[in-house]
Amino acid sequence: MDEYLDRLNIYASRLVSQKEYFVPGHRACQGCAEALALRLVAKTLGRNNIVACATGCMEIVSSPLPLTSWKVPWIHVAFENAAAVASGIESGLKALMRKGRLPRQKINVMAMAGDGGTSDIGLQALSGALERGHNMVYVCFDNEAYMNTGIQRSSSTPFGASTTTSPAGKVVPGQVTWKKNMPEITAAHNIPYVATACSSYPFDLMEKVKKAADIEGPAYVHILSICPTGWRIPPQLAIHAGRMAIETGMFPLYEVERGKYRLNIDLPELRPVEEYLRFQGRFRHLTPELIEKIQQRVREEYEKLKRKVEMTNED
Amino acid sequence: MGAERRELLMQGNEAVAEGALAAGCRFFAGYPITPSTEIAEYLSVKLPHLGGTFIQMEDELASMGAVIGASLAGVKAMTATSGPGFSLMQENIGFACEAEVPCVVVNVMRGGPSTGLPTFPAQGDVMQARWGTHGDHPIIVLSAASVPECFSLTVRAFNLSERYRTPIILLLDEVVAHMREKITMPPAEELEIFNRVTPTVPPEWYIPYADTPSGVPPMAPFGEGYRYHVTGLTHDIRGFPTARDDEIGPFIKRLFRKISQNFPDIHMSQTFRTEDAEITVIAYGCVARSAKRAVVEARDRGLKAGLLKLMTVWPFDRSAVEQAARRSKVVLVPEMNMGQISREVKRVNNGVSTVETLNKVDGTLITPGEILEKITEVLS
């Protein structure tokens, strides 16, 4: 039944497979939307999936001896080389299939890392893997800081967010640089598929991961993973925060398929960013001027993205 | 840093950060890693107030690179990390040795190898600190056993790095780094601070890697008119790559000489009740604390035990260890690794007395009871 449904591009909660490959019992914090996103990703990639997981929250919470949340082969690697190890797995499988030691079949190879493991220390390994063109899915779980070591800034931390190494004070308003645009960096490698997703939009997320797995060649999925602990929000607002990120344009949901941009949720009018910022403790200190600065940037970036959609889709 | 002494309750990592500020460190580049992150967090708050710079880099390779750059620009610079990050820093530590760039690297040791035990203590990086980077090179490695020592040895690390133009590695372990303890902060004017020697000659006369009697050439900060060449290639006295054997040999020998002719200044150790000790415990880091307690309890039982605590781990304090070996029948080396410093002790001891080891690698501290048990067993 599952196999049959997989071939249909219909998404309704009742039709989604009941089978889980990232199972409960892990030690993620209350309201962790990263664990939720990971569950959806694992569910979509199914049983024939090998995971290379960089050091990070999801590695720590899912594998405390003698328990594991993984029902698929899973390798914890060093912080910087999830993409490199996944490259090796993919090449190894290919070689085995070529020599006839392994029957030819579809095996998904997934590399996963957080925003630090992707946009900071793991960028070199990721770029190398994308350039070599391994048939794998790289998933970045972006919770916008190093949450595992205690909320230190990363290059993916948004402007103005207060973290333990970008503390907000009277002079410096927290993070002073803009969030690194990882989807654009990976899209610049001209890989067949790049997408952004968020667990507040589960069907969209699952569809994208499925596309990423089906496409031949490297695919990159960047998932905004709300972290109530690090963002200083009540756990019950995690899903709401994800929705607000998309509805305010802070984190637009889009995909780049063979160079063509597509906005998946194209809002006629963006909500003011304040609605996203105001309930988060990490942005509590922001002044109206700084909020306006963020608003302006979001507007510009969104316009830029829309132009890219127009540009790449005209015939 | 007021005029009077302040008594504070402080964490080891915070004491390192305070020590760095007191020593004049105004640049920190690092990357979050348990159990050293507090040093970065503390300095990210404090450095901007003092006009210093805190940068969080994209990884440890970059952190060490930024530290080298800052030091060449004339600022006292440091970074802090733990096992996996320390491994990534090794290439640039070698560069700092070769190009003689003063800097301080704090390595808070955790269980290894690889990701290992991020939240558990260990002393497995002692040999890595000595030989981690490739090529023949001298290096100075210090080890702190208490919160006050975290402060004082960080100051000392900066002084040594400035004096000898070399990277200094300060080893902590997870226990010392996360322990909170009383510390009496000395007033700033009581601290002895050494700043690197800068050239007094005009720029056109400046020879950046001259062979001076001390072995340490004066160092000109970038941007002050002294234009010179810094390279990781083996270079001549002017800093340009060389392939001449009559320049390569003297250069490497000078790197060693600037350290070896100053052993008395570099070596630091403490003895406790060793005068008449039949057994001397040689320890460093958090194990030295357990060892001290074990010695006190052994003495209460009438066993003649003493302690030699090593604060300079490398270059190895041969004279202190030889003295201990000659004085007592047995030397005991408890370590949280499979035997790294005990190998050195055996080498230096050269059969004079018996060397016993006590190794523990299960992520827990060696307790006073365990050392006492070993002392009792050995002496009976």
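Chemist: So what exactly am I meant to see when it comes to the overall build of chain B here?
Modeler: Within chain B one finds 13 helices and 15 strands. Principal-axis analysis of the C-alpha atoms places the extent of chain B at approximately 70 × 50 × 40 Å. Within chain B, the fraction of its 380 residues that count as buried is 59%. Sequence-distant contacts, at least 24 apart, represent 78% of the contacts inside chain B between residues at least 6 apart. As displayed, chain B has an accessible area near 15,000 Å², and 53% of this comes from carbon and sulfur atoms. Side chains of chain B carry 37 positive and 44 negative charges; the gap between the two charge centres is 4 Å.

Chemist: I tried to follow the overall build of chain A on my own but got confused; where do I start?
Modeler: In terms of helices and strands, chain A carries twelve helices and eight strands. Against the globule reference of 20 Å for 315 residues, chain A gives a C-alpha radius of gyration of 19 Å, in line with a compact fold. In terms of its C-alpha atoms, chain A occupies a principal-axis envelope of roughly 65 × 55 × 40 Å. Within chain A, the proportion of its 315 residues that are buried is 53%. In chain A, the share of contacts with a sequence separation of at least 24, taken over all contacts with a separation of at least 6, comes to 70%. Surface exposure of chain A reaches about 14,500 Å², of which carbon and sulfur atoms provide 53%. If you average the places of the 38 positive and of the 33 negative side-chain charges in chain A, the two averages end up 6 Å apart.

Chemist: Quick question: what am I supposed to make of the side chain of Gln295 of chain A here?
Modeler: Residue and element names in this part refer to chain A. Examined against the element boundaries, Gln295 turns out to sit in helix α12 (residues 288-313). Of note is the side chain of Gln295, whose polar atom sits 2.8 Å from the backbone nitrogen of Val273. Those residues in contact with Gln295 that sit more than four places away from it in its chain are Pro272 and Val273.

Chemist: Even after reading the chapter, I still don't get the interface of chain A and chain B, so can you show me in this structure?
Modeler: Interface size is commonly expressed as the accessible surface area that is lost when the partners come together. Taken residue by residue, the interface counts 16 residues in chain A and 16 residues in chain B. Summed over both sides, the interface of chain A with chain B buries roughly 1,200 Å², with 56% coming from carbon and sulfur. Of all residues in chain A, Ile121, Thr149 and Thr165 of chain A bury the most surface against chain B, accounting for 36% of the area lost on that side. Linking chain A with chain B are seven residue pairs in polar contact (both at pLDDT 80 or more). Here the side of chain A that touches chain B is composed, by residue class, of four nonpolar, nine polar and three charged.

Chemist: Honestly, the pattern of salt bridges in this entry has me stumped. Any pointers?
Modeler: Side chains carrying opposite charge are able to pair once their charged atoms draw close together. Applying the stated criterion across every chain, the model contains 37 salt bridges over all chains. In this structure, Arg180 of chain B and Glu14 of chain B form a salt bridge, with 3.6 Å as the shortest nitrogen-oxygen distance. Separated by 166 residues along the polypeptide, Arg180 of chain B in strand β9 (residues 180-185) and Glu14 of chain B in helix α1 (residues 12-22) bring together distant segments of the chain. Look at Glu14 of chain B and you get buried, because its relative accessible area is 18%. The partner of Glu162 of chain B in a salt bridge is Arg196 of chain B, and the shortest N-O contact between them spans 3.0 Å. Highlighted residues: Glu162 of chain B in helix α6 (residues 147-164) and Arg196 of chain B in the loop between β9 and α8 (245-260), separated in sequence by 34 residues. Considered together, Glu162 of chain B and Arg196 of chain B belong to a single accessibility category, that of buried residues. Residues joined in a network through salt bridges with shared partners are Asp142, Glu144, Lys179 and Arg282 of chain A.

Chemist: It is not clear to me how the sheet that holds strand β14 (residues 330-335) of chain B should be interpreted in this structure. Could you clarify?
Modeler: In a beta sheet, neighbouring strands are held together by backbone hydrogen bonds and run either parallel or antiparallel to one another. Residue and element names in this part refer to chain B. Spatially, the five strands line up as an open sheet ordered β10-β12-β11-β14-β15, and their pairing is mixed. Taken across any chain shown, the strands that pair with only one partner, and hence form the sheet edges, are β10 (269-272) and β15 (354-359). Between one strand axis and the next, the sheet turns by 20° as a mean value, whatever way the strands run. The strands touched by helix α13 (residues 368-379) within the sheet are β11 (279-283), β12 (305-310), β14 and β15, with β15 carrying the most contacts at an inclination of about 150°.

Chemist: Any chance you could explain the state of the cysteines here in plain terms?
Modeler: Working definition: the covalent bond between the sulfur atoms of two cysteines is a disulfide. All names here are of chain B. Taken as a whole, this structure holds zero disulfides over all chains when the rule is applied. This cysteine, Cys103, is not joined by any disulfide, and Cys97 carries the nearest cysteine sulfur, 8.2 Å off. For Cys103, a relative accessible area of 1% puts it in the buried group.

Chemist: What's the story with the nonpolar core in this structure? I'm lost.
Modeler: In summary, soluble globular proteins display a tendency toward joint burial of nonpolar side chains. All names here are of chain B. Counting 70 residues, the largest nonpolar core has Phe28, Met78, Val106, Leu172, Ile371 and Ile375 as the members making the most contacts within it. Looking at this core element by element, the count peaks at nine residues for α6. Looking at this core, you find at least three residues from each of domain 1 (6-190) and domain 2 (271-379). In contact with Phe28, other than residues within four places in its own chain, are Ile39, Ala40, Leu43, Leu47, Thr53, Phe54, Ile55, Met78, Thr79 and Ala80. Counting 51 residues, the second largest nonpolar core, distinct from the first, contains Ile169, Leu310, Phe316 and Ala320.

Chemist: Would you take a moment to explain the packing of aromatic side chains for this structure?
Modeler: How two aromatic rings sit relative to each other is set out by the distance from centre to centre and by the angle between their planes. Applying the stated rule across the entire model yields 14 aromatic pairs over all chains. Ring plane angle 65° and centroid distance 5.1 Å describe the contact between Phe22 of chain A and Trp70 of chain A, whose orientation is recorded as edge-to-face. Placement of Phe22 of chain A in the loop between α1 (2-6) and α2 (33-45) and of Trp70 of chain A in the loop between α3 (57-62) and β2 (74-76) is noted, with a sequence separation of 48 residues between them. Here the aromatic rings of Tyr146 of chain A and Tyr31 of chain B are separated by 5.2 Å at their centres, their planes lie at 85°, and the arrangement is edge-to-face. Within this pair, whereas Tyr146 of chain A is found in the loop between β4 (137-142) and α7 (182-187), its partner Tyr31 of chain B is found in the loop between β2 (25-30) and α2 (37-49), the two belonging to separate chains. Of the two residues, Tyr146 of chain A and Tyr31 of chain B, neither departs from the other in class, the shared state being buried.

Chemist: What is the right way to read the pairing of strand β5 (residues 193-198) of chain A from this model?
Modeler: Residues in a regular strand point their side chains to alternate faces of the sheet. Residue and element names in this part refer to chain A. Most of β5 sits inside the fold, with six of its six residues counted as buried. Relative to strand β6 (residues 219-224), β5 runs parallel, the two sharing six bridges. Each residue of the ladder has a partner; that of Thr196, found in β6, is His222. Read as a crossover between parallel neighbours, the route from β5 over helix α8 (residues 202-214) to β6 is right-handed. Relative to strand β7 (residues 254-257), β5 is paired through three bridges, and the arrangement is antiparallel.

Chemist: Would you mind going over the domain arrangement of chain B with me for this structure?
Modeler: Residues and elements named next belong to chain B. Taken domain by domain, chain B holds domain 1 (6-190) and domain 2 (271-379). Computed over C-alpha atoms, the centres of domain 1 and domain 2 are 26 Å apart. Between domain 1 and domain 2, the residue contacts involve 25 residues of the former and 22 residues of the latter. Contact between domain 1 and domain 2 buries roughly 1,900 Å² in total, counting both sides, with carbon and sulfur atoms accounting for 60%. When residues of domain 1 are sorted by the area they lose upon contact with domain 2, Gln123, Val126 and Met127 head the list and together hold 32% of the total. Taken together, the links from domain 1 to domain 2 amount to two salt bridges. In this structure, Glu181 and Arg289 form a salt bridge, with 2.7 Å as the shortest nitrogen-oxygen distance. Linking domain 1 to domain 2 there are 15 residue pairs in polar contact (both at pLDDT 80 or more). Elements that contribute at least two residues to the side of domain 1 that touches domain 2 include exactly β6 (117-121), α5 (126-131), β7 (140-143), α6 and α7 (174-178).

Scoring rules and cut-offs
- Residues numbered from 1 in each chain as written.
- Chains lettered and ligands numbered in written order.
- Predicted model: local features only at pLDDT ≥ 70, side-chain atom pairs only at ≥ 80, totals over all residues.
- Heavy atoms only, no water.
- Helix = DSSP H or I, 4+ residues; strand = E, 2+ residues; numbered from the N terminus.
- Buried < 20%, exposed > 50% of the residue type's maximum accessible area, 1.4 Å probe, protein only.
- Contact = heavy atoms within 4.5 Å.
- Areas by Shrake-Rupley, 256 points an atom, 1.4 Å probe, with all protein chains shown as cover.
- Lys, Arg positive; Asp, Glu negative; His and termini not counted.
- Charge placed at Lys NZ, Arg CZ, Asp CG, Glu CD.
- Rg over C-alpha atoms; globule rule 2.2 N^0.38 Å.
- Polar contact = N/O pair within 3.5 Å; in protein donor to acceptor, adjacent residues only side chain to side chain.
- Buried area = accessible area lost by both parts, 1.4 Å probe.
- Nonpolar A, V, L, I, M, F, W, Y, C, P; charged D, E, K, R; others polar.
- Salt bridge = Lys/Arg side-chain N within 4 Å of Asp/Glu carboxyl O.
- Pairing = 2+ DSSP bridges.
- Axes fitted to C-alpha atoms, helices over the stretch in contact; angles between N-to-C directions.
- Disulfide = S-S within 2.5 Å.
- Core = buried A, V, L, I, M, F, W, Y, C linked by side-chain atoms within 4.5 Å.
- Domains from an automatic or database assignment.
- Phe/Tyr/Trp six-rings, centres within 6.5 Å; stacked < 30°, edge-to-face > 60°.
- Right-handed = clockwise from strand over helix to strand, strands pointing away.

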